[in-house]
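Overview (structure and organization)
Here is what each chain is made of, one letter per residue.
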Amino acid sequence: MSALARICESVEAHARFVREQIRRAREDSKFRAALLKRWRAIRASIATVQTPTGIELPTLALPTSNDPGEIARYLFGEGFPGEFPFVNSIYREMYLPGSGGRMPEEPTRLFAGLGLAEDTNERFHYLTQHQRSIRLSTAFDGPTLYGMDSDADGVFGKIGEGGVAIDTVEDMERLYDRFALGDERLSVSMTINGPAPIILAMYVAAAQRRFGGKVIRKLRGTVQADILKEVQAQNEIIFPLEASLRFLADMVAHTTEHLPRWYPISISGYHIGEAGATPVQQAAYTLSNGFTYVELFRGRGLAVDRFGPRLSFFLDCGLDVEYVALARVCRKLWAIGMRDVFGAGEAAQRLKLHTQTSGRSLIALGFKNNLTRTAIELFLAYLNATNSCHSNSADEPFTTPGEEYVRLAAHAQSILLEETGLFRHMMNLFTGSPGMRILEETLEKAILEEFRTIDRLGGVLAATEQRYQRSQIQEAAHLYEQQTGDGTRPIIGLNRYPASTESFVEPKVVRTPRSRKQLQVDRLRKFKHRHRHQSARALDELAGVVESGGNVFAELLKTVECCSLGQITGRLFEVVGRFRPSV
Amino acid sequence: MAASVRLLTAVPICDGHDSAISTINLEFIHHGIEVVYLGYHRSARDIVRAAIQEGVDAIGISSYNGGHVEFFAEVVALLKKQRAAKIGVFGGGGGTITKADATIMQRKGVDRIFFAGTPMEEMIRFAREAYGGRRRRSVKLPRFSAGKRKTMAPCIGITGPGGAGKTTLIDELVLRWLKVQPDARIAILSHDPSIVGKGALLGDRATMIYSQDDRVFMRSLATRGRAGGLSPETAQWVRTMKHGGFDVVFVETVGIGQEAMPFRSKLVDKSIFVMSADYGSQLQLQKIAMLDVADIVVVNKGDLAGAPTAVAEVGRRIERGRSGQRVIATVAKRHRDPGVDCLFEELRS
Ligand code: B12
């Protein structure tokens, strides 16, 4: 039986197990006594806290019912925070202040990238100036995302737009300048997919240049590298799928061994959602992609408990009602699948989650309303106990955010977590409501239904090749636009209470000046010229490793020392071909 | 009846934001417009070449990753250079193309930019009014497109059920041809079924990455539901292409059913029937009419588990048919596939 079918069965088996525990809690007195004893111990272990207004509250909200059946349902069905199946959260404490009265590590992680490496470096320092933990999240420009050099034909206008231009290991050194890359409290995330192994190799090489070889084991961070959702939604796969998956597996094999604190893949639903998928489709495709990677890496001889804890997830959070509970359901399905189908231990059962508020829900007309939209989405993201979060800026429909709107977006998170009383006194303040439970059940059923459909198509890889996910997403996107058009989806300021077009204002946009673009081209050319004697040989060696089946990532660590991104992808295209899109 | 408006749509180089254009394509075709879709991450050169070859009235570009002022200007300039300035250029990119940008772009020759929040009806109305009834499409090779060969080009017909991999196979053959013969000129006539309604979405170009080359002339025709997988214009185009100085002409039909035999009355010189290795039972095999007449049968997706059996079964089925037929197993989606190499050699010899 295929993995997805087995996961569906395991989820059903788990539901039966929970029902059985509820029954025993109600009918089996010995079982009940033990359960209530445990429950009392849990209760007693929960600290209390005083709010500024002087009332006293427990730091964790537990069901108030004394019905043993309800208690069993909570403990086995949802799991105490930090316990299987992790519906409430993967850790016991989430955003509660630590001993110093502040959170040990802020969950805020803002995605940024603009202009050249130095410009983005400056933005990173601006964003993290007040943070104790440094969480950098890097957006690359179009040419970098597609593995092209800045001096390639026809890309000049795109240099440094929508992200940072990176061509060489030297750019990578500039990008994270004045950050201590081996530091405990620093982590770097990179949103790159098609050329992910090359870019990560540049990062490792740059870190090594700056801090020596010892830093490598200490490097903390994430590279997106989720190639399946590129085929399905984001369109940044550049090599054929088979070759892409092999490069990915090589990278995972290498980081698991040599960069033990690195997350080599971020299994992403965000792009699926933003491309237009419904929340159920987003969850179903993302989770099924995740399970496919698990099978793939196991097929490479990696142990699930080695790489499993290094998988991470990335979900969207929009304004549709599903987002009240979507991540909660995802955590549960992942945990059950990992434990019961793949035999994973607890660390690998935990779905580590980054959330981004929805860009697509942000509207150009009357764009300041986007502050409100994002604030609501942020609340939902934290309600779902996300481990880190990006909040979009109000100028999202127009541009890489300007400083003013970035600051507002970052402050929105601080206001929610530090200023309001919603998350800082008590964990799980809102969970367990009847509405939330109804949603969870509905979502779970619908996601499993999608799993079965994908399974019938022959599994994730076959369905992807048949364009199943793509066509479903496109259909949902079309419907969304139709609903916006006919008003069944009210959007304030657009199809309801529209502002007059005369009063329409645009924010200031962030663009990269021509002279900066030219600088990038010039220094890339100099780099190529300086390394002209080494590069041809390095590329030959790389091609040799690809042909002979060696670990491509290990070789890339050497190649990036003297070759640019475009030189490397160019050579790899010759060996493995190009991705053939099916639109 | 030919559709009154024919457009080419695409997303610029280094940009994969295709959600907007996918929706807009659907809206266009539901409203009777014919759309040749080139896909995302496409250079200005690829876009302009395709627009001229396809004889469209206008190019619609959806751009999100910045650099739109330069990109649209490049498209307009290239059109002018190719003496195809009559092809219109329009597009959108949500809020990323500001009002001020749009003004500059229009000054540089772009007809219209659609800002975020524009209702779909407005775009359809614009396309019809600005580009409808502009000119009659004739079966003629555009200047620059013809090859230099003096003799008539051999014409290879490729047919088979939908999803068997015909398009990929042709593109892989083109890749080899261009590599082996640097002065080669190739023509491709591709067919796409129309969707319900009056328009058509012609999407083969997006998949044929190696065929977007100055040495390749490609034209996409809508079959408008006509039986046989070809279009009323097919014969005329084939004739024009054969005499166009090309080294080879490929004709690809839409996906066909079991009984169909699309190539009649010497339309092509050689016919290839492409089928997937997972065709089902032997009984199914008996019913496939093309197996009796195709010069070459390609069993694609040779990486599937049942492929060796499939090849053997097809071989036996053919032995009972007419002589001289060949069966070749391929994995067209695989780079440098030896099966495709073998087919290529067969066609070149
Ligand atoms: C959806 C989206 C994505 C999805 C795309 C999924 C997909 N397959 O399309 C995902 C999440 C994958 C994505 C990724 C990225 N994105 Co994005 N994305 C958006 C978003 C949220 C919406 C765009 C959209 O599709 N809207 C829906 C359409 C239907 O509506 P519309 O845009 O308003 O367009 C209207 C008109 O303009 C018109 N129109 C549009 N095109 C055309 C064409 C024609 C011919 C016509 C007639 C009309 C027309 O029709 C629409 C209806 O009125 C925008 C921000 C925003 N809120 O607008 C950012 C945005 C476009 N993305 C941006 C960026 C930077 C990226 C990335 C580069 C980020 C990175 N560094 O990794 C990547 C690149 C992806 C890639 N492969 O190229 C930036 C661009 C910034 C800039 N130019 O300076 C934006 C503005 C967000 C931001 N502020 O940072 N993105």
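Residues numbered from 1 in each chain as written. Chains lettered and ligands numbered in written order. Predicted model: local features only at pLDDT ≥ 70, side-chain atom pairs only at ≥ 80, totals over all residues. Heavy atoms only, no water.

1. What about the domain arrangement of chain B?
Residues and elements named next belong to chain B. Looking at the assigned domains, one finds that chain B contains domain 1 (6-131) and domain 2 (155-348). Spacing between the C-alpha centres of domain 1 and domain 2 amounts to 31 Å. Of the residues lining the interface, 20 residues belong to domain 1; the matching set on domain 2 comes to 20 residues. When the two sides are added together, the surface that domain 1 and domain 2 hide from each other amounts to roughly 1700 Å², 46% of it contributed by carbon and sulfur. The interface formed by domain 1 and domain 2 includes three salt bridges. Where R205 meets E54, a salt bridge forms, and the shortest distance between an N and an O atom there is 2.7 Å. Listed by contribution, the elements that provide at least two residues to the side of domain 1 that touches domain 2 are helix 1 (19-30), strand 2 (34-37) and helix 2 (44-54). It is helix 2 that contributes the most residues to the side of domain 1 that touches domain 2, six residues altogether. (Domains from an automatic or database assignment. Contact = heavy atoms within 4.5 Å. Buried area = accessible area lost by both parts, 1.4 Å probe. Salt bridge = Lys/Arg side-chain N within 4 Å of Asp/Glu carboxyl O. Helix = DSSP H or I, 4+ residues; strand = E, 2+ residues; numbered from the N terminus.)

2. A few points about the sheet that holds strand 7 (residues 262-263) of chain A
Residues and elements named next belong to chain A. Read across the open sheet, the five strands follow the order 3-4-5-6-7; overall the sheet is parallel. Lying at the two open borders of the sheet, with one neighbouring strand each, are strand 3 (111-112) and strand 7. Pairing of strand 5 (residues 186-191) with strand 6 (residues 221-223) involves three bridges; the strand directions are parallel. Counterpart to M190 in the pairing with strand 6 is V223. Along the sheet, helix 7 (residues 196-211) makes contact with strand 5, strand 6 and strand 7, crossing strand 5 at roughly 150 degrees. (Pairing = 2+ DSSP bridges. Axes fitted to C-alpha atoms, helices over the stretch in contact; angles between N-to-C directions.)

3. So, the coordination of the cobalt atom of the ligand
Donation to the cobalt atom of the ligand from the protein comes from one atom only, H17 of chain B (NE2), at 2.2 Å. By the element assignment, H17 of chain B lies in the loop between strand 1 (6-10) and helix 1. (Donors = N, O, S within 2.8 Å, 3.2 Å for Na, K, Ca; no water.)

4. Considering the nonpolar core
M172, Y176, M190, Y203, L287 and F451 of chain A are the most contacted members of the largest nonpolar core, which totals 223 residues. When residues in this core are grouped by element, the largest group, 11 residues, is from helix 7 of chain A. When sequence neighbours within four positions are dropped, the list of residues in contact with M190 of chain A reads T138, F140, M172, Y176, I199, L200, Y203, T222, V223, Q224 and W262 of chain A. Within the second largest apolar cluster, 34 residues are counted, among which are L141, M241, A277 and A307 of chain B. (Core = buried A, V, L, I, M, F, W, Y, C linked by side-chain atoms within 4.5 Å. Buried < 20%, exposed > 50% of the residue type's maximum accessible area, 1.4 Å probe, protein only.)

5. Some remarks on the domain arrangement of chain A
Interfaces are often described in size by the accessible area the parts lose on coming together. Residue and element names in this part refer to chain A. By the assigned domains, chain A splits into domain 1 (110-486) and domain 2 (517-576). Using C-alpha coordinates to define each centre, domain 1 is positioned 27 Å away from domain 2. Each side of the interface is counted separately: domain 1 has 42 residues, and domain 2 has 34 residues. Around 3100 Å² of area is buried between domain 1 and domain 2 when both sides are counted, 65% of it from carbon and sulfur atoms. The residue R523 makes a salt bridge to D171 at a minimum N-O spacing of 3.7 Å. In this structure, the connection of domain 1 to domain 2 is made through 17 residue pairs in polar contact (both at pLDDT 80 or more). Element by element, the count of residues in the side of domain 1 that touches domain 2 is highest for helix 7, at nine residues. Taken together, the residues of the side of domain 1 that touches domain 2 break down into 24 nonpolar, six polar and 12 charged. (Polar contact = N/O pair within 3.5 Å; in protein donor to acceptor, adjacent residues only side chain to side chain. Nonpolar A, V, L, I, M, F, W, Y, C, P; charged D, E, K, R; others polar.)

6. Description of the pairing of strand 5 of chain A
Residue and element names in this part refer to chain A. A large share of strand 5 lies buried, amounting to six of its six residues. Residues L186, V188 and M190 line one face of strand 5 and the alternating positions S187, S189 and T191 line the opposite face, and both faces are buried. Pairing between strand 4 (residues 134-139) and strand 5: six bridges, direction parallel. Across the sheet, A139 pairs through a bridge with T191, a residue of strand 5. For the segment spanning strand 5, helix 7 and strand 6, crossover handedness is right-handed. (Right-handed = clockwise from strand over helix to strand, strands pointing away.)

7. Notes on the packing of aromatic side chains
Residue and element names in this part refer to chain A. Summed over the entire model, instances satisfying the criterion amount to 31 aromatic pairs over all chains. Summarising the aromatic geometry, the rings of Y293 and F297 are spaced 6.1 Å apart at their centres and angled 20 degrees between planes, so their arrangement reads as stacked. On the criterion of helical spacing, the pair formed by Y293 and F297 is a turn pair, its members being four residues apart in helix 11 (residues 279-299). Y293 gets classed as buried once you look at its relative accessible area, which sits at 0%. (Phe/Tyr/Trp six-rings, centres within 6.5 Å; stacked < 30°, edge-to-face > 60°.)

8. Focus on the packing of helix 21 (residues 532-548) of chain A against helix 23 (residues 565-576) of chain A
Helix packing geometry: the angle between the two helix axes and the distance between the axes. Residue and element names in this part refer to chain A. Relative orientation of the contacting elements helix 21 and helix 23 amounts to 40 degrees, with a least axis distance of 10 Å. One way to sum up the angle between helix 21 and helix 23 is to call them oblique. In terms of crossing hand, the pair formed by helix 21 and helix 23 is right-handed. Where helix 21 abuts helix 23, its residues S535, L539, D540, L542, A543, V546 and E547 lie against Q567, I568, R571, L572, V575 and V576. (Parallel < 35°, antiparallel > 145°, perpendicular 65-115°, else oblique. Left-handed = near helix turned anticlockwise from the far one by under 90°.)

9. Brief notes about the sheet that holds strand 5 (residues 112-114) of chain B
All names here are of chain B. Judged by pairing direction, the sheet is parallel, and its six strands sit side by side in the order 5-4-3-1-2-8 without closing on themselves. The open sheet has two edge strands with one neighbour each: strand 5 and strand 8 (200-202). Strand-to-strand, the axes of this sheet are offset by a mean angle of 25 degrees, without reference to chain direction. Alignment of strand 4 (residues 88-92) against strand 5, held across three bridges, turns out to be parallel. Considered in strand 5, the bridge of G91 is made with I113. Contacts between helix 1 and the sheet are confined to strand 1, strand 2, strand 3 (58-62), strand 4 and strand 8, with strand 2 contributing the most and set at about 155 degrees to the helix.

10. Describing the UniProt feature "domain: B12-binding" (unreviewed entry) in chain B
The residues that UniProt annotates with the feature "domain: B12-binding" (unreviewed entry) are residues 4-134 of chain B. With 44% helix and 17% strand, the stretch residues 4-134 of chain B has end C-alpha atoms that lie 8 Å from each other. (UniProt positions renumbered as here; feature names shortened; annotations may be inferred.)

11. Observations regarding the pattern of salt bridges
Throughout the structure, instances matching the rule amount to 58 salt bridges over all chains. Taken together, the salt bridges that share partners define one network made up of E70, R73, E78, R328, R437 and E440 of chain A.

12. Things to note about empty space enclosed by the protein
Under the defined criterion, the tally for this structure stands at seven cavities of 30 Å³ or more. Roughly 140 Å³ of volume is contained in the largest cavity. If you go around the largest cavity, you meet 14 residues; those closest to its centre are Y95, Y382, F423, M427 and N428 of chain A. Counted as a void, the second largest cavity has a volume near 80 Å³. Lining the second largest cavity, in full, are Q232, A233, A275, R470, I473, Q474 and A477 of chain A together with D18 and S19 of chain B. Element by element, the count of residues in the lining of the second largest cavity is highest for helix 19 (residues 468-486) of chain A, at four residues. Residue composition of the lining of the second largest cavity, by class: four nonpolar, three polar and two charged. (1 Å grid on protein atoms, 1.4 Å probe; cavity = no way out; pocket = protein on both sides within 12 Å on 5 of 7 lines; lining within 4 Å. Points joined across faces, edges and corners; volume = space filled by probe spheres on them.)

13. What about the site of the ligand?
Neighbouring the ligand are 48 residues, the closest being E396 and T399 of chain A together with H17, Y64 and T118 of chain B. Lying at an intersection of chains, the ligand is approached by residues of chains A and B. Between the ligand and E236 of chain A there is a distance of 3.1 Å, counted from a nitrogen atom to a side-chain nitrogen or oxygen. One nitrogen or oxygen atom from the main chain of G16 of chain B is found 2.7 Å from an oxygen atom belonging to the ligand. Within the residue set of the shell around the ligand, elements represented by two or more residues are helix 8 (228-234) and helix 10 (270-274) of chain A together with helix 1, strand 3 and strand 4 of chain B. The greatest single-element share of the shell around the ligand, amounting to four residues, is contributed by helix 1 of chain B. Across the shell around the ligand, the residue classes tally to 19 nonpolar, 22 polar and seven charged. (Near = heavy atom within 4 Å.)

14. What about a positive patch on the surface?
Residues and elements named next belong to chain B. Among the surface-exposed residues, R83, K86, K140 and R143 lie close enough to one another that they form a single positively charged patch. Its location among the elements puts R143 in the loop between helix 5 (120-131) and strand 6 (155-159). The class for R143 is partly exposed, based on a relative accessible area of 47%. (Patch = residues over 30% accessible without salt bridge, like charges linked within 9 Å, V, L, I, M, F, W, Y side chains within 5 Å. Areas by Shrake-Rupley, 256 points an atom, 1.4 Å probe, with all protein chains shown as cover. Lys, Arg positive; Asp, Glu negative; His and termini not counted. Charge placed at Lys NZ, Arg CZ, Asp CG, Glu CD.)

15. Side note on the pairing of strand 12 (residues 296-300) of chain B
Residue and element names in this part refer to chain B. Judged by how many residues are buried, strand 12 sits mostly within the fold: five of five residues are covered. Of the two faces of strand 12, both are covered, the one formed by I296, V298 and N300 as well as the one formed by V297 and V299. Bridging between strand 11 (residues 270-276) and strand 12 involves five bridges; their strand directions are parallel. Within strand 12, the residue paired with V274 across the bridge is V298. Pairing of strand 12 with strand 13 (residues 326-329), which is carried by four bridges, proceeds in the parallel orientation. Paired with V298 across the strands is I328, a residue of strand 13.

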